[in-house]
Amino acid sequence: MTTASGPNRPATPDNPLIPGFHPDPSICRVGDDYYIAVSSFEYLPGIPLFHSRDLSDWTLIGHVAERPGQLDVGQVPTMGGAWAPTLRHHDGRFWCVVTDAMGRGSLIFTAERPEGPWSDGTVMRGVDGIDPDIAWDEDGTCYVTYSGLLLSGGVPTHLGIQQVRMDPETGQALQEPRSLWSGTGLMFPEAPHLYSIDGTWYLMIAEGGTERGHSVSIARSDRPDGPFEGCPANPVLSARSTDRPVQNTGHGDLVRTADGCWLMVMLGMRPRGMARAFSPMGRETFVTPVRWADGWPVVEPVRLAEPGPAVSRHEDFAAGVPGPEWVAVRRSPSEVVSSYGRPGALRLRADGSDMDSLRPVFLGVRQEHEEASFTAELDVSSGTGGLSLRMDELHHYDIEAGPGTVRARARVGPLSQSWELPRPGDASAVLLRISTGPVTFPSDGRGSLEHGGPDTVRLSVGTGDGWQELAALDGRYVSAEIAASFTGRVAGLYAADGTVNVRWFHYEGHDTKR
Ligand code: 6LW
């Protein structure tokens, strides 16, 4: 039983809590240890899991879905895949319920340890919707509460917030779904979470849609299955129509800290550009303090911390396998990395796909900072490959090198353009770089639409004593709002022909003052 009391206004960790595309966070606490799981969509490994003991420093400790078959994302359309996990600890086990959208459906995973191994995933029968939550009452009855958005069939239908009693060991619903309180009437009631706090049951949901109207609303009851009474102050959190630097705040989850305070984690975006219209990193994880008054949560607006120090990460693949932060598209990294060439090199072997493909030979990491650069040294003596800054197969900027040429390429929806140069020098190794930086306005002060983007993406090749820029592109076309992907930028290495050995990859990033 948790209590809604506790000292008010705890020290709040800095935001973004987990930068880069890490949407739909769910948090749970076991003693002094905190864990967060987030959505991963078409990327594998799927459903990243983070751990912290101080709520400020978070470490990626693994993923729920690391084995073939746990998720079925091999052919999912963009936006499909692992949506909105709920992470809980009950009866000595970790539980993760999630929707493998347009894949296996809604699933229950369990593990003895958060680092895994996690179970294969049990399909929940009788749960037709998304955003499942799992909760137990004091008698051990298990409730799965979810958003009744029906993805199967032609026209999407929404049945509001639904609930069933569930046998969590078999995944069998034990009754027909019942409709619960579904918010204040805003569109898309979803992301339900059920809490027993101080003898009262709370049902917290997202509504308004995950865009700028995103909100969190809450209701309470003396029973886990209602009827629920909505909070008079709903929505208890929203950034809609405000000038806050963190927008789209919603899809929240509550946690009572070890010292009795309360926090809410949620997704948010950091839009940039002249009209603050474009979010290159997509939906990230943020946190805000919560206090209680008259049995209702009072949620602080989400604040953005002052930018921290620049981050520099160098990966020479000497460990023999890419670290857990590396992801591949609709296939696991182990399928993409054919083998290791000379010690400390990563070998990518093309298979006829390229970055326009659903399943490219690509291995990437999330962009986590507002300004970032991605640099790599590749041996392209036996193939063609390079660096890609990807939103999805229809929105990506690439720079690649092959025998004798270097090419920059922009894919924006149905449009594609490329810029080609003879490759400087004739060494087998080539340096390539993609960097994102501020939009430069003309010195004569004449602005134009092209200067309204979130950043400029520069594609360059090393020349031995410097860099030669092949293209400088508007970053809006690789942002969440234009790509309409649920994800955010992922930058990494790919092979388009033959075999490419990657000697090292280097990430630099920093945030900018608002
Ligand atoms: C998630 C749902 C949503 O399941 O998008 O827009 C889905 N809202 O809550 C993927 O993030």
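Thresholds, definitions, all that
Residues numbered from 1 in each chain as written. Predicted model: local features only at pLDDT ≥ 70, side-chain atom pairs only at ≥ 80, totals over all residues. Heavy atoms only, no water. Pairing = 2+ DSSP bridges. Helix = DSSP H or I, 4+ residues; strand = E, 2+ residues; numbered from the N terminus. Axes fitted to C-alpha atoms, helices over the stretch in contact; angles between N-to-C directions. Near = heavy atom within 4 Å. Polar contact = N/O pair within 3.5 Å; in protein donor to acceptor, adjacent residues only side chain to side chain. Areas by Shrake-Rupley, 256 points an atom, 1.4 Å probe, with all protein chains shown as cover. Nonpolar A, V, L, I, M, F, W, Y, C, P; charged D, E, K, R; others polar. Buried < 20%, exposed > 50% of the residue type's maximum accessible area, 1.4 Å probe, protein only. Contact = heavy atoms within 4.5 Å. Phe/Tyr/Trp six-rings, centres within 6.5 Å; stacked < 30°, edge-to-face > 60°. Domains from an automatic or database assignment. Buried area = accessible area lost by both parts, 1.4 Å probe. Salt bridge = Lys/Arg side-chain N within 4 Å of Asp/Glu carboxyl O.

Caption draft 1: Structural context of the sheet that holds strand β4 (residues 46–52). Taken in spatial order, the four strands make up an open sheet running β1-β2-β4-β5, and their pairing is antiparallel. Single-partner strands in this sheet number two, and they are β1 (26–30) and β5 (59–65). The average angle at which neighbouring strand axes cross in this sheet is 25°, direction not considered. Direction of pairing for strand β2 (residues 33–37) relative to β4: antiparallel, over a ladder of four bridges. Residue pairing in the sheet places Ala 37 in a bridge with Leu 49 of β4.

Caption draft 2: Local environment of the site of the ligand. Neighbouring the ligand are Asp 24, Phe 41, Trp 83, Ala 84, Asp 131, Glu 190, Thr 210, His 251, Arg 283 and Phe 486. At a separation of 2.5 Å, an oxygen atom of the ligand approaches a polar side-chain atom of Asp 131. Computed on the free molecule, the ligand has an accessible area of 290 Å², of which 95% lies beneath the protein chains in the complex. Here the residues of the shell around the ligand sort into four nonpolar, two polar and four charged.

Caption draft 3: Fine view of the side chain of Gln 247. By the secondary structure assignment, Gln 247 is in strand β20 (residues 247–256). Here Gln 247 falls in the buried class, since its relative accessible area comes to 4%. A polar atom in the side chain of Gln 247 sits 2.9 Å from the backbone oxygen of Arg 244. Once residues within four sequence positions are removed from consideration, Gln 247 is found in contact with Arg 212, Ala 239, Thr 242, Gly 268, Met 269, Pro 271 and Arg 276.

Caption draft 4: Representation of the packing of aromatic side chains within the structure. If you walk through the whole model with that rule in mind, you get 12 aromatic pairs. Their ring planes at 65° and their centres at 5.2 Å tell us that Tyr 202 and Trp 292 sit as a pair that is edge-to-face. With Tyr 202 in strand β16 (residues 200–207) and Trp 292 in strand β22 (residues 284–293), the pair connects residues that are 90 residues apart, well separated along the chain. Tyr 202 sits in the buried class, given a relative accessible area of 3%. The class for Trp 292 is buried, based on a relative accessible area of 12%.

Caption draft 5: Summary view of the domain arrangement of the protein chain. The assigned domain composition of the protein chain is domain 1 (26–299) and domain 2 (311–510). Its C-alpha centre places domain 1 at a distance of 32 Å from the equivalent point of domain 2. Between domain 1 and domain 2, roughly 2900 Å² of surface is buried when both sides are summed, and carbon and sulfur atoms account for 59% of that area. The largest contributions to the domain 1 side of the interface with domain 2 come from Tyr 43, Phe 278 and Pro 280, which together make up 25% of the buried area.

Caption draft 6: Seen up close, the pattern of salt bridges. Taken as a whole and assessed by the stated rule, the structure comprises 30 salt bridges. Measuring nitrogen to oxygen at the nearest pair gives 2.9 Å for the salt bridge that ties Arg 53 to Asp 33. With Arg 53 in the loop between β4 and β5 and Asp 33 in strand β2, this pair connects stretches of sequence that are 20 residues apart. We note a salt bridge from Arg 407 to Glu 400, for which the minimum N-O separation is 2.3 Å. Glu 400 sits in the buried class, given a relative accessible area of 13%. One salt-bridge network, held together by shared partners, links Glu 42, Arg 330, Arg 390 and Glu 393.

Caption draft 7: Representation of the sheet that holds strand β7 (residues 93–101) in the model. Spatial strand order, β6-β7-β8-β9: four strands in an open sheet with antiparallel pairing. Either end of the sheet is taken by a strand with one partner, and the two such strands are β6 (81–90) and β9 (122–123). With two bridges connecting them, strand β8 (residues 105–111) and β9 associate as antiparallel partners. When the bridges of β9 are listed, Leu 107 appears paired with Val 123.

Caption draft 8: Highlighting unusual backbone geometry. Note that the residue after Asn 15, namely Pro 16, is joined by a cis bond; omega there is 0°. Mapping Pro 16 onto the fold places it in the segment before β1. The backbone phi angle of Ala 484 is positive, close to 55°, even though this residue is not glycine. Among the structural elements, Ala 484 can be located in the loop between α2 (480–483) and β37 (490–510). Owing to a relative accessible area of 42%, Ala 484 belongs among the partly exposed residues under this scheme.

Caption draft 9: Representation of the pairing of β4. In terms of residue burial, β4 counts as a mostly covered element, since seven of its seven residues are buried. Summarising the sheet, β4 and β5 pair through five bridges and their orientation is antiparallel. Residue pairing in the sheet places His 51 in a bridge with Thr 59 of β5. The antiparallel pairing of β4 with β5 creates a hairpin that spans six residues between the two strands, and Leu 55 there sits at a positive phi of about 70°.

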